[in-house]
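Structural overview for review
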Amino acid sequence: MRLRNVAGSREAISESRFVIQDPKERKNHWRELFGNPNPIHIEIGMGKGRFIMDMARLHPEINYIGIEKYSSVLIRGIQKMEAENLPNLFFIRMDAEEIAEVFGREEISKIYLNFSDPWPKDRHAKRRLPSREFLNRYQEILSKEGNLEFKTDNQALFTFALEELKAADWHLDQMTEDLHHNADMMEGNIMTEYEERFSSMGNPIYKYIISQNK
């Protein structure tokens, strides 16, 4: 997907009170930022922020951090936060490869991956967010009782993600190849922009929930 540059986005992000500018210095101290002992959930690849803002609004008892690599996308989330300041939500602009440098061991209770870039070429498999390489990184920061939820409309990416679980030593808790026709897994489902678009076109949404093998 080609992203359009947004003039001034980097400058706006560097000045925004909603964006953590020194995330690596916060490692093991994220609850101090929120000022409470509530669990922390993160979304990696938050896009324009609709999903994580909806979650933060619905669950004030949980702290949320949205992570996005691209300034031209993150700026849209910042604009939404300026209109509605949610005290239990902050953003980080960073590459997901640095995730274990930003969060400490078992500091995170849940990870969301929503409609991640499929990186379709085989040589780019290690860049896919549900790859074994990234699952190993997530193990370093996710609590033993925590889990990871992944949604996509890309069947090839979902098949790849399932195949990576054994190699990375993760347990498949739940899965569906048609989320919007699975009553159990649809309960409490919050849609992203992409999910709304693709599901309205009749495309099935794939989802799994995984946890670390005990």
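Residues numbered from 1 in each chain as written. Predicted model: local features only at pLDDT ≥ 70, side-chain atom pairs only at ≥ 80, totals over all residues. Heavy atoms only, no water.

1. Here we look at helix α7 (residues 155-168)
This is how the line gets drawn: Think of it this way: any DSSP run of H or I at least four residues long counts as a helix, any run of E at least two long counts as a strand, and we number them from the N terminus. A helix is expected to reach a length of 1.5 Å times the quantity of its residues less one. Whenever a nitrogen or oxygen atom comes within 3.5 Å of another N or O atom, the pair is scored as a polar contact, on the condition that within protein one atom can donate a hydrogen and the other can accept it, and that pairs from neighbouring residues in sequence are kept only if both atoms are in side chains.
With 14 residues, α7 extends 20 Å between its outermost C-alpha atoms, agreeing within 8% with the 20 Å of an ideal straight helix rising 1.5 Å per residue. If you check the start of α7, you find a side-chain oxygen 3.1 Å away from the backbone N of Ala-156, and it comes from Asn-154. Immediately downstream of α7, the backbone of Asp-169 shows phi near 65°, a positive value.

2. Regarding the sheet that holds strand β1 (residues 40-44)
Defined as follows: Paired strands, in this sense, are two strands between which DSSP finds at least two bridges. An axis is simply a line fitted to the C-alpha atoms; with a helix, the fit covers only the stretch in contact. Between two such axes, the angle follows the N-to-C directions and lies from 0 to 180 degrees. Working rule for contacts: check all heavy atoms of both residues, and any pair within 4.5 Å makes them a contact.
Read from one edge of the open sheet, 7 strands run β3-β2-β1-β4-β5-β7-β6, paired in mixed fashion. At either margin of the open sheet sits one strand with a lone partner, and together these are β3 (89-93) and β6 (170-176). Neighbouring strand axes in the sheet, compared pairwise and without regard to direction, differ in orientation by 20° on average. Note that β1 and strand β4 (residues 108-114) share 4 bridges and pair parallel. Note on β4: the bridge partner recorded for Ile-42 is Ile-111. Sitting on the sheet, helix α3 (residues 50-58) is in contact with β1, β2 (63-68), β3, β4 and β5 (142-152), with an inclination near 175° to β2. Together, β2 and β3 form the strand contacts of helix α4 (residues 71-83), whose direction differs from that of β3 by roughly 160°.

3. Re the layout of surface pockets
Heads up, the rule is: Cavities and pockets were defined on a 1 Å grid built from protein atoms only: a cavity is a group of points that admits a 1.4 Å probe but offers it no way out, a pocket is an open group of points flanked by protein on both sides within 12 Å along at least five of seven lines, and a lining residue is one with an atom within 4 Å of any such point. Grid points are joined across faces, edges and corners, and a volume is the space filled by probe spheres set on the points. Gly counts as polar in this scheme, as do all residues outside two lists: the nonpolar Ala, Val, Leu, Ile, Met, Phe, Trp, Tyr, Cys and Pro, and the charged Asp, Glu, Lys and Arg.
Considered as a void within the structure, the second largest pocket measures approximately 230 Å³ in volume. Of all the secondary-structure elements, those providing two or more residues to the lining of the second largest pocket are α3, β4, β5, α8 (183-186) and β7 (206-212). Sorting elements by how many residues they give to the lining of the second largest pocket places β4 first, with 3 residues. Grouping the amino acids of the lining of the second largest pocket by side-chain chemistry returns 6 nonpolar, 5 polar and 6 charged.

4. Details of helix α6 (residues 132-141)
The following threshold applies: Relative accessibility under 20% of the residue-type maximum defines a buried residue, over 50% an exposed one, and the middle range a partly exposed one, all with a 1.4 Å probe and only protein chains included. Throughout, the arc means that of the directions going from the helix axis to the C-beta atoms.
Listed in full, the buried residues belonging to α6 are Phe-134, Leu-135, Tyr-138 and Ile-141. Each buried residue of α6 lies within a common arc of 115° when the element is viewed along its axis, so the set occupies one face.

5. Re the packing of aromatic side chains
Let me state the cut-off plainly: Each Phe, Tyr or Trp ring (for Trp, its six-membered ring) is paired with any other whose centre lies within 6.5 Å, and the angle between the two planes then decides the class: stacked below 30 degrees, edge-to-face above 60, tilted in between.
Under the counting rule described, the total for this entry stands at 11 aromatic pairs. Taking 6.1 Å as the distance between ring centres and 35° as the angle between the ring planes, the aromatic pair formed by Phe-134 and Tyr-138 counts as tilted. Of this pair, Phe-134 and Tyr-138 both sit in helix α6, 4 residues apart, which is roughly one turn of the helix. In this structure Tyr-138 comes out as buried when scored by relative accessible area, which is 0%. Between Tyr-194 and Phe-198, the ring centres sit 5.8 Å apart and the planes meet at 10°, which makes this aromatic pair stacked.

6. Section: the side chain of Lys-207
Tracing the backbone through its elements, the reader meets Lys-207 in strand β7. Side-chain polar atoms of Lys-207 contact the side chain of Glu-149, separated by 3.2 Å. Each residue touching Lys-207, except ones within four places of it in the same chain, is listed here: Glu-149, Phe-150, Lys-151, Phe-158, Gln-174, Met-175, Thr-176, Leu-179, Met-185 and Asn-189.

7. Here's the deal with the environment of Tyr-194
By the element assignment, Tyr-194 lies in helix α9 (residues 193-200). On the basis of relative accessibility, which here comes to 28%, the residue Tyr-194 falls in the partly exposed class. When the C-alpha positions of Tyr-194 and Asp-153 are compared, they lie 8.7 Å apart, and in sequence the two are 41 residues distant.

8. Focus: the pattern of salt bridges
Side-chain pairing between opposite charges can occur once the charged atoms of the two side chains come close. Selection rule: Take a side-chain nitrogen of Lys or Arg and a carboxyl oxygen of Asp or Glu: if they are within 4 Å of each other, that pair is a salt bridge.
Counted by the stated rule, this structure contains 12 salt bridges. Here Arg-57 makes a salt bridge to Glu-84, at a shortest N to O gap of 2.8 Å. Remark: Glu-84 occurs in the loop between α4 and β3 and Arg-57 occurs in helix α3; sequence separation between them is 27 residues. Across the pair Lys-207 and Glu-149 runs a salt bridge, and its minimum N-O distance is 3.2 Å. Taken as a pair, Lys-207 in strand β7 and Glu-149 in strand β5 lie far apart in primary sequence, 58 residues in all.

9. Here's the deal with the side chain of Ser-71
Note on placement: Ser-71 falls in helix α4. Filtering out sequence-adjacent residues up to four positions away, Ser-71 remains in contact with Ser-9, Arg-10, Ile-13 and Arg-93.

These figures capture arrangement, not role.
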